[in-house]
Amino acid sequence: MKKIEGNLTAQGQKMGIVASRFNDFIVDRLIGGAEDCFVRHGGNTDDLTLVYVPGAFEIPLVAQQMAESGKYDAVVCLGAVIRGATPHFDMVANESAKGIATASLKSGRPVTNGILTTDSIEQAIERAGTKAGNKGADAMISAIEMVNVMKGL
Ligand code: INI
């Protein structure tokens, strides 16, 4: 059987990051985790381009545009939708996730989802560099791997 899998080397990769300003206390940690992960896997910070948008709802449009531009090997989406903070939690959470999937499929480039959807700020903090890891780093490592998977197809 022939197997194709992506390694975790970011050397030479160019990544777009789209991050929301909403809940920036949390999202800043996700950005830090994503950057740290990229560098620790051999990437160069000069090859990262970070675009800020107002909230998670706006992420897919920019992610799709960046992915389709051909300037980036992949796009990493970072945000935090916290149930306690919004009456339209489900709408924002669902639309951003759906939009990210669409951006990836339409562009043919990896677009990874590092948008936290949590019931409380405490849960978000846990996933932004404390006891449940850093989902920004997780989204970056998925992007790195997927870029390498795509090269092997
Ligand atoms: N955007 C978020 O990224 N996280 C949230 O928790 C959130 N809440 O609480 O509403 C949120 N709302 C803003 C939304 O993403 C859009 O920016 C806004 O609706 C304008 O389109």
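In case you missed it, the structure is sitting above this.
All values reported here derive from a predicted model rather than from experimental measurement.

Rules behind the numbers
- Residues numbered from 1 in each chain as written.
- Predicted model: local features only at pLDDT ≥ 70, side-chain atom pairs only at ≥ 80, totals over all residues.
- Heavy atoms only, no water.
- Salt bridge = Lys/Arg side-chain N within 4 Å of Asp/Glu carboxyl O.
- Helix = DSSP H or I, 4+ residues; strand = E, 2+ residues; numbered from the N terminus.
- Buried < 20%, exposed > 50% of the residue type's maximum accessible area, 1.4 Å probe, protein only.
- Polar contact = N/O pair within 3.5 Å; in protein donor to acceptor, adjacent residues only side chain to side chain.
- Phe/Tyr/Trp six-rings, centres within 6.5 Å; stacked < 30°, edge-to-face > 60°.
- Lys NZ or Arg CZ within 6 Å of the ring centre and 35° of its normal.
- Pairing = 2+ DSSP bridges.
- Axes fitted to C-alpha atoms, helices over the stretch in contact; angles between N-to-C directions.
- Expected span 1.5 Å × (residues − 1).
- Arc of directions from axis to C-beta.
- Contact = heavy atoms within 4.5 Å.
- Core = buried A, V, L, I, M, F, W, Y, C linked by side-chain atoms within 4.5 Å.

Asker: Would you explain the pattern of salt bridges in this entry?
Answerer: Two side chains carrying opposite charge are able to pair once their charged atoms lie near each other. The full count for this structure, using the stated rule, is 8 salt bridges. Notably, a salt bridge pairs Glu95 with Lys98, separated by 3.1 Å at the nearest N-O pair. Taken as a pair, Glu95 and Lys98 lie in helix α3 (residues 89-107) at a separation of 3 residues, close to a single helical turn. Overall, Glu95 belongs to the partly exposed group, its relative accessible area being 32%.

Asker: I tried to follow the side chain of Asp47 on my own but got confused; where do I start?
Answerer: Looking at the secondary structure, you find Asp47 in the loop between α1 (24-40) and β2 (48-53). Here the side chain of Asp47 touches Lys14 through a polar contact of 3.2 Å, side chain to side chain.

Asker: For this particular structure, what's the right way to read the packing of aromatic side chains?
Answerer: How two aromatic rings sit relative to each other is given by the distance of their centres and the angle of their planes. Inspection of the entire model under this criterion finds 0 aromatic pairs. In this structure, Arg29 packs its charged tip against the face of Phe25, placed 4.8 Å from the ring centre.

Asker: Just to check I follow, could you spell out the sheet that holds strand β3 (residues 74-82) for this structure?
Answerer: The pairing of strands in a sheet happens through backbone hydrogen bonds and is either parallel or antiparallel. Strand order across the open sheet formed by 4 strands is β2-β1-β3-β4, with parallel pairing between neighbours. Both outer strands of the open sheet, β2 and β4 (111-118), are each paired with one neighbouring strand and no more. Shown here is a sheet whose adjacent strand axes are inclined to one another by a mean of 15 degrees, direction ignored. Where β3 meets β4, 8 bridges bridge the pair, whose relative direction is parallel. For Gly79, the partnering residue across the bridge sits in β4 and is Ile115.

Asker: What is the right way to look at α3 in this model?
Answerer: Because an α-helix completes one turn every 3.6 residues, residues spaced three or four positions apart along the sequence face the same direction. With 19 residues, α3 extends 27 Å between its outermost C-alpha atoms, agreeing within 8% with the 27 Å of an ideal straight helix rising 1.5 Å per residue. The complete set of buried residues in α3 reads Phe89, Val92, Ala93, Ser96, Gly99, Ile100, Ala103, Ser104 and Ser107. Looking down the long axis of α3, one finds its buried residues gathered within 140 degrees of arc, a one-sided arrangement. Every exposed residue of α3 that faces more than 90 degrees away from the buried side is listed here: Lys98, Leu105 and Lys106. The secondary structure elements touched by the buried residues of α3 are α2 (59-69), β3 and β4. Where α3 terminates, the next one or two residues include Gly108, which has phi positive at roughly 75 degrees.

Asker: I'm lost on the nonpolar core in this one. Help?
Answerer: Within soluble globular proteins, side chains that are nonpolar tend to cluster in buried spots. Core analysis: the biggest nonpolar cluster contains 26 residues, and Met15, Ile17, Phe38, Val76, Leu78, Met140 and Ile144 have the highest contact counts within it. Those elements giving two or more residues to this core turn out to be β1 (15-20), α1, β3 and α5 (135-152). The next biggest cluster of nonpolar side chains, apart from the first, holds 18 residues, and it includes Met66, Ala67, Phe89 and Ile115.

Asker: Is there a simple way to explain α2 in this structure?
Answerer: Among all positions of α2, only Ile59, Pro60, Ala63, Gln64, Met66 and Ala67 are buried. Relative to the axis of α2, the buried residues are bounded by an arc of 165 degrees and lie together on one face. Opposite the buried face of α2, by more than 90 degrees, sit the exposed residues Leu61 and Gln65. The secondary structure elements touched by the buried residues of α2 are β1, β2, β3, α3 and β4. Looking one or two residues beyond α2, the residue adopting positive phi is Gly70, at roughly 80 degrees.

Don't take any of this as a statement about function, it's just geometry.
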